[in-house]
Every structure is written in C-alpha cells, then in structure tokens.
Amino acid sequence: MKKSYEKPFIKKIQVGLMNKFGAAYGRHIRSEIDGVPVAELTARYGSPVFVFSERRLRDRYQSIHQAFASRYPNVNFSWSYKTNYLDAVCAILHQEGEGAEVVSELEYQKARRLGVPGSEIIYNGPYKTMDSLKTAVQEGATINIDHFDEIYDLEEVAKGLERQVKVGIRLNMDTGISPQWTRFGFNLESGQALDAVKRLVSGKRLILNGIHCHIGTFILDPQAYSRAITKMVEFSYQVEDAFGLKMEYLDIGGGLPSENRLKGIYLSPDVAIPPMDDYAEAICNTLLSKLRPNDFPTLILESGRTMVDEAGFLITTTHASKRLPDDSRAYVIDAGVNALFTAFWYNFRVELEKDIPGPHEPCTLFGPLCMNIDVVADQVILPPLPRGTRLIFSPVGAYNVTQWMQFIRSRPAIVLINNEGFPEIIREAEGLEDLIQRERLPKHLKLS
Ligand SMILES: *Cc1c(COP(=O)(O)O)cnc(C)c1O
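Computed from a predicted model, the values in this text were never measured in an experiment. (Residues numbered from 1 in each chain as written. Predicted model: local features only at pLDDT ≥ 70, side-chain atom pairs only at ≥ 80, totals over all residues. Heavy atoms only, no water.)

Asks: Requested: an account of empty space enclosed by the protein, with residues and values cited.
Replies: For the structure shown, the criterion picks out four cavities of 30 Å³ or more. Approximately 60 Å³ is the volume attributed to the largest cavity. The wall of the largest cavity is formed by Leu-171, Asn-172, Met-173, Thr-175, Ile-177, Pro-179, Gln-180, Trp-181, Cys-213, His-214 and Ile-215. Per-class residue counts for the lining of the largest cavity are seven nonpolar, four polar and no charged. By volume, the second largest cavity amounts to about 50 Å³. (1 Å grid on protein atoms, 1.4 Å probe; cavity = no way out; pocket = protein on both sides within 12 Å on 5 of 7 lines; lining within 4 Å. Points joined across faces, edges and corners; volume = space filled by probe spheres on them. Nonpolar A, V, L, I, M, F, W, Y, C, P; charged D, E, K, R; others polar.)

As structure tokens, then:
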C-alpha cells in the first residue's frame, strides 16, 4: 500500500502535564462496553452506533435513590422524558420504580403508550394543550401549573367535569444560581406566586396540593437546592396558614449534574462535581430541619441527565485525517453534532478502542457534516490515528437521542447491552425511507 505523504513539521507538544486548570483527561483505552467488544458492536450494528448499558442505568438509579431514600422517608422519583425518551430506557427506569415527568402532549402520550398509568405521570411545561389537560385530569396525572392562562384552562376543564381538580404550581426563585430561570412558573420573590394561589383559591375549582420548582440544569452547588427547599417549605406553610391548603408534595425538579465535563469548567468531573450524597444531604437535611413535626410531604425528584448520561456511549470511526494551516491535527469522524447534540456544551471523554503508538498531540475531531459548526471535540490529545480507528465518546446518554436530527445524515442505530451482557437493538438506524416518508411531491413537479 502506498504511504500517504505528509509535510514534515516541528511542534512542541505537552501531554499529560498539569496546567493551571488541572490535568487533562488521561489516555483511555476502551476495547469493550459491559464485556461486549467494540469490534463486535460495530461489526453487527455499524458505525456510528449509540450503546446504552442497562446495568449502569440500574446501578445509577439505585445509588441515587439510596442517597435520598436513606435520608428522607417519603421520596418519589420521576423520569424526565425529554432527557431520553427511548422506550427501553424509560422502561428500565419505570421498572426500577420511577414515574414519568413529561413536558408536552407528545411525551404524555408516549408514557401512556408505554404503559405508565396517568396517576404516575407528572405533567410540566409552559405549553399544555386543552385536550391534553383534560386527559391528564381525567387520568389522575399530577399537573404543575406554569402560568395564569393555564389556571384559566384548568378551571374550564374542572367546570366541564363538574368537579374540583387538584393541582400544583411551579415556582421560580432566587437560589443564588445565575442566570436565574424566571421564564417558567410563578416568581416567588415578586409576590406573583402568592397572587397565583389567591387566584386559585378564589376560583374555587382548583385545589392546590403541591409545589414544584426546577432551578436550572447541571447545578454544581448543592446549597442552591438547600435554598430552594427552604423557600418552598416556607411558602407551603404560608399557603397552609393563610388558606388551609396542605401541600402533599414538594417537587424539587432535576438539574443534578452528570459526570460530564462542561465546556468552560477546566477541572475534571471527579473534582468539579460534588458527590450525589452532598446533594441528598443538602436537600433532605434542609427539608427535615424546616418541616413542622410529623409532616413529611412527598419529596419528588425529576431526575434527568444525572441518571442516564453515564449509561450512554457513542462509538465512532475516523474517516480521514487533516493538517490544518496552523499545523494542528484534525480528523473527520462519522458522527457529527447532528447525532451528538451535547457536543456544544460538553468536552466528552474520548477513548480509543486500542492503544496506538506514536507522538500524541492536541487534535480536533470534526463530524461528517458539511457545516463549519460540526466540531465534536477539540483539544483532544491523541496519537496518530489510522483511517478506520474506533473512538468511543462518553458520557452521551442524556439529551442526545432526543435532540438529535436527521440533518445531512440520518440517525444511527441504538443498542442496549442488557443485564446479561448481550447486545439488543433498541432503535434501528434510519435511512432514506425515514427521511422521505412524510413528503408529498405535487404532480406538476414530478420529474419525468
Ligand atoms: C428538563 C427538566 C428536568 C430534568 O432536568 P435535568 O437537568 O436533566 O436533571 C426536570 N424537570 C423539568 C421541569 C425539566 O424541564
């Protein structure tokens, strides 16, 4: 085989040294996922391919559940569908005991179709259609109201059903997190939240029985939850004392970080991200210290990225290598930001299927899209990679297989490695058929 020519160059390379931001991710080799060789996975399912680990997902659920359930007597987990609503992933978490947390009619329907009873669904979000509100009320879902117009909608539903309806409201508040998420729910500090309660009470059709709050995502400060819980408890007693309404649940939302590396945070995840026990401690201890004696409202956690991120991998393959004009090394790989949406926020762990000799240098990994923004990773320290080298990205279990799109290329297959260590396909790779099946070409435009 002809050797490819490459212009000689001299470059000072620093690998593995500490800089002021800490050490780079070490070199990683990953030849298998849960005992299944990467080579076998790509031989059977192609490349790129998403791989989820049932064992990791169950272990993660059990350890997070344990962290909270061991500290507070009345804990309920609801799985955030938008984080990953693959049937197989949802079913695993439902089997473990999670309810469903949905933020649209579509997600509501998907949970119902999977077999989740309405009574185990929490319906959140700023856009709930009238039809879906009606269904959710009839099926006994927990509904957290986002704005005044939704109060009016739900009053109409209650009127139509000629009965009162239990509801929760979503609050937003200052917990020291910036930027503050103020676009969802009723603001606490401005008095808007109390106004909403007064409006609910005067309408007489809706009975407030819960408080919801989701302060943001990838929250790195456990004390922010402590502040949120403090304010939620104070507000719930304020409402109880003023209107005689008892809050049956306090829903603290999601936002717990995964062990991913956020862009702009240079410490490695094991240093930058507090352990789950710190969050459980902050939430449960505050709750226990603020609640009145013998009052244990249900603590609801709407787990999202923290639950599923580490259970997901993406196997990719290098297609070409390039030298850029600044002499830096780049590779074209077969998965881009169309498949790996979270590449915009995360510096993933990048692992090689096998050890490759040669000088390491910082590389950019471009996706296959003909788009300048298609950069999956940069500044990854890698040896010279031959064409066809397998790279494994992780953690990629959260927000990718919901936010991905068939832009330029179609979406890859998804495989689950089950608890027995066997791979099973849980979503087939898409192709041209999936792209065109909903298109209609007007007659006069048909090419002869
Ligand atoms: C997205 C979302 C979650 C899950 O968020 P994570 O940051 O992934 O934990 C929980 N609750 C609500 C209301 C959400 O919108």
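Let's pick the thread back up.
Asks: I'd love a proper account of the packing of aromatic side chains, names of residues and values included.
Replies: Any two aromatic rings considered together are summarised by their centre-to-centre distance and by the angle between their planes. Enumeration according to the criterion identifies 13 aromatic pairs in this entry. With a centroid separation of 5.0 Å and an interplanar angle of 80 degrees, the aromatic rings of Phe-148 and Phe-186 are classed as edge-to-face. A residue pair is termed long-range when its members are at least 10 positions apart, and Phe-148 in helix 6 (residues 148-161) and Phe-186 in strand 9 (residues 186-187) qualify at 38 residues. For Phe-148, a relative accessible area of 24% puts it in the partly exposed group. Seen from their ring centres, Tyr-346 and Phe-348 are 6.2 Å apart, and the 70 degrees between their planes marks the pair as edge-to-face. Residues Tyr-346 and Phe-348 agree in their burial class; the two are buried. A cation over a ring is seen here: Lys-128 above Tyr-123, with NZ or CZ 5.7 Å from the ring centre. Between the NZ or CZ atom of Arg-292 and the centre of the ring of Tyr-237, over which it lies, the distance is 4.0 Å. (Phe/Tyr/Trp six-rings, centres within 6.5 Å; stacked < 30°, edge-to-face > 60°. Helix = DSSP H or I, 4+ residues; strand = E, 2+ residues; numbered from the N terminus. Buried < 20%, exposed > 50% of the residue type's maximum accessible area, 1.4 Å probe, protein only. Lys NZ or Arg CZ within 6 Å of the ring centre and 35° of its normal.)

Asks: Summarise the pairing of strand 3 (residues 49-53); cite the residues concerned and give the values.
Replies: Most of strand 3 sits inside the fold, with five of its five residues counted as buried. Of the two faces of strand 3, the one holding Val-49, Val-51 and Ser-53 and the one holding Phe-50 and Phe-52 are both buried throughout. With five bridges connecting them, strand 3 and strand 19 (residues 413-417) associate as parallel partners. Residue pairing for strand 19: Ser-53 is matched across the bridge by Ile-417. (Pairing = 2+ DSSP bridges.)

Asks: Would you mind going over a nonpolar patch on the surface in detail, with residue names and values included?
Replies: A grouping of Phe-344, Trp-345, Met-371, Ile-373, Met-405, Phe-407 and Ile-408 is seen on the molecular surface, where their side chains present a nonpolar patch of about 630 Å² in accessible area. Relative to the helices and strands, Met-405 is located in the loop between helix 12 (400-403) and strand 19. (Patch = residues over 30% accessible without salt bridge, like charges linked within 9 Å, V, L, I, M, F, W, Y side chains within 5 Å. Areas by Shrake-Rupley, 256 points an atom, 1.4 Å probe, with all protein chains shown as cover. Salt bridge = Lys/Arg side-chain N within 4 Å of Asp/Glu carboxyl O.)

Asks: Explain the site of the ligand residue by residue, including any values.
Replies: Of all residues adjacent to the ligand, which total 15 residues, the nearest are Lys-82, Thr-217, Gly-255, Glu-302 and Tyr-399. With respect to the ligand, the side chain of Lys-82 contributes an N or O atom lying 2.6 Å from an oxygen atom. Within the side chain of Thr-217, an N or O atom sits 2.4 Å from an oxygen atom of the ligand. When the ligand is considered free in solution it has 390 Å² of accessible area, and contact with the protein chains removes 94% of it. Judged by its atoms lying within 2 Å of the grid points, the ligand is housed in the second largest pocket. (Near = heavy atom within 4 Å. Polar contact = N/O pair within 3.5 Å; in protein donor to acceptor, adjacent residues only side chain to side chain. Sits in = over half its atoms within 2 Å of the grid points.)

Asks: Please give an account of the layout of surface pockets that cites residues and values.
Replies: Looking at the second largest pocket, its volume works out to about 620 Å³. As for the second largest pocket, its lining consists of 30 residues, of which Lys-82, Trp-181, His-214, Thr-217 and Tyr-399 are closest to the centre. Summarising the domain contributions, the lining of the second largest pocket has at least three residues from each of domain 1 (32-52 + 310-436) and domain 2 (99-302). (Domains from an automatic or database assignment.)

Coordinates in, geometry out; function isn't part of it.
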